[in-house]
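Examining the three-dimensional arrangement
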Amino acid sequence: MQPMTRRHLLQWAGVSAATLVLPVGCSAGGKGEDGKKGEDKRGDTYPFTLPKLPYAEDALEPHIDAETMKTHHDKHHLAYVNALNAALKDHDDLHKKTLVELIRGLNDVPEKVRMAVRNQGGGHLNHSLFWMMMAKDGGGDPKGELAKAIDTDLGGVDKLKDAALKAALARFGSGWVWLVFNKGKLAVRSSANQDNPLTEGDTPLLGIDVWEHAYYLKYKNLRADYVKAWWNVVNWNDIAERYNAAKKS
Ligand code: MN3
């Protein structure tokens, strides 16, 4: 398992249809580092592994507590990875596909394993993204082109936060709230369970996990308090890199 570094973040930021890849730490034994032939093959393929957190478990305190981070990463995320591997074990035809290819092409995955890929693969992808979308010195306001696009498309960052909160509260049960990019525009969406916007053709830029396991230890049933606090740890640099890459592709 390798730590996620700045370089890996930049790789992940390459969100074009062909190159959306996970950090090297997510792939098996860092394969592909040596054998690159044009296309970046360092994306995540079977057998999938749990990426390390890019910061300490207590780095997001007091907004996201260390115990939640530890359980969320070491137990929940690991469970998605293990269940995905178990589901794909006997499907050699899918072993060459990256996680992103599996989720984007979900409807082409054999029906027998489609639901497992959707839920467990989605869980692995969403959480791999989620850790990078937060930072120890996060929060504040977006800058540059991203800030301009948020102003133009959504009416400003306060409106974005309002829309995200509304979407979070309207999402019955478990799911995610997303800031996505599609056809040159930003939009706020939400998804059920572990569904990722890629399956719907949207590029995810920012995602807030609104499963109870993401907040219950600290916020109990108060999802709104958690979502409001989440903006204190948002990694705008990461979101901006992903936005810039999506815009270019
Ligand atoms: Mn979660």
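Here is a short report on the structure shown in this document. Being a predicted model, the structure only gives us computed values, none of them experimental.

Let us now look at helix α6 (residues 157–170). The periodicity of an α-helix, 3.6 residues per turn, causes residues three or four positions apart to be oriented the same way. Taking 1.5 Å of rise per residue, 14 residues should cover 20 Å, and α6 covers 20 Å from first to last C-alpha, within 8% of that figure. Taken together, the buried positions of α6 are Val157, Leu160, Ala164, Leu165, Ala167 and Ala168. Burial along α6 is one-sided: seen end-on, the buried residues are contained in an arc of 165°. Turned more than 90 degrees off the buried face of α6, the exposed positions are Asp158, Lys166, Leu169 and Ala170.

Another point: the packing of α6 against helix α8 (residues 223–230). At their nearest, the axes of α6 and α8 sit 10 Å apart, and the two run at 150° to each other. Accordingly, the angle class assigned to the pair α6 and α8 is roughly antiparallel. Viewed along their axes, α6 and α8 form a crossing whose handedness is right-handed. Contacts between α6 and α8 involve Leu165, Ala168 and Leu169 on the former and, on the latter, Arg223, Ala224, Val227 and Lys228. Broken down by class, the residue content of the contact of α6 with α8 amounts to five nonpolar, no polar and two charged.

Take the packing of aromatic side chains next. Applying the stated criterion across every chain yields a total of nine aromatic pairs. Their ring planes at 90° and their centres at 5.3 Å tell us that Phe130 and Trp176 sit as a pair that is edge-to-face. With Phe130 in helix α4 (residues 111–132) and Trp176 in strand β1 (residues 175–182), this pair connects stretches of sequence that are 46 residues apart. Classification of Phe130 by relative accessible area gives buried; the value is 2%. On the basis of an interplanar angle of 20° and a centroid distance of 5.0 Å, the ring pair of Tyr215 and Tyr226 is categorised as stacked. Highlighted residues: Tyr215 in the loop between β3 (203–209) and α7 (216–219) and Tyr226 in helix α8, separated in sequence by eleven residues. For the pair Tyr215 and Tyr226, one class covers both residues: buried. Members of the aromatic cluster, each reached through a chain of ring pairs, are Phe130, Trp131, Trp176, Trp178, Trp230, Trp231 and Trp236. The residue whose ring lies beneath Lys218 is Tyr219, and the NZ or CZ to ring-centre distance is 5.8 Å.

Our next topic: the coordination of the manganese ion. Distances from the manganese ion to its protein donors, namely His72 (NE2), His127 (NE2), Asp209 (OD) and His213 (NE2), fall within the range 1.9 to 2.1 Å. Donor residues for the manganese ion, ordered by position in the chain, follow H-x54-H-x81-D-x3-H. Separated by 55 residues along the polypeptide, His72 in helix α2 (residues 66–88) and His127 in helix α4 bring together distant segments of the chain. Comparing His72 with His127, the two get one shared label, buried.

Rules used in this analysis
Every residue gets a number counted from 1 within its own chain, in the order that chain's sequence is written. Reporting in this predicted model follows two pLDDT cut-offs: at least 70 for local features of residues, and 80 or more for side-chain atom pairs to be given and counted; totals over whole chains, interfaces and linings ignore these cut-offs and use all residues. Heavy atoms from the whole structure form the basis of all side-chain values; hydrogens and water molecules are not counted. Only DSSP runs of H or I reaching four residues or more are called helices, and only runs of E reaching two or more are called strands; each is numbered from the N terminus. One less than the residue count of a helix, multiplied by 1.5 Å, gives the span that helix is expected to have. Type-normalised accessible area, obtained with a 1.4 Å probe on protein chains alone, sets the label of each residue: buried when under 20%, exposed when over 50%, and partly exposed for intermediate values. Arc definition: it is the arc formed by the directions from the helix axis to the C-beta atoms. Angles shown run from 0 to 180 degrees and are taken between the N-to-C directions of axes, each axis being a line fitted to C-alpha atoms and, for helices, limited to the stretch in contact. Angle categories are assigned with fixed cut-offs, so that under 35 degrees is roughly parallel, over 145 is roughly antiparallel, 65 to 115 is roughly perpendicular, and the rest are oblique. Crossings are sorted by hand: turned counterclockwise from the far helix by less than a right angle, the near helix makes the crossing left-handed, and turned clockwise it makes it right-handed. The criterion used for residue contact is that any of the two residues' heavy atoms lie within 4.5 Å. Each residue receives one of three labels: charged for Asp, Glu, Lys and Arg, nonpolar for Ala, Val, Leu, Ile, Met, Phe, Trp, Tyr, Cys and Pro, and polar for the others, Gly being one of them. Ring geometry is summarised as follows: Phe, Tyr and Trp rings, the Trp one being its six-membered ring, pair when their centres sit within 6.5 Å, and such pairs are stacked at plane angles under 30 degrees, edge-to-face over 60 and tilted between the two. Either the NZ atom of lysine or the CZ atom of arginine qualifies as a charge over a ring when it sits within 6 Å of the ring centre and within 35 degrees of the ring normal. Any N, O or S atom lying within 2.8 Å of the metal counts as a donor, and for Na, K and Ca the limit rises to 3.2 Å; water is left out, so some sites can look incomplete.

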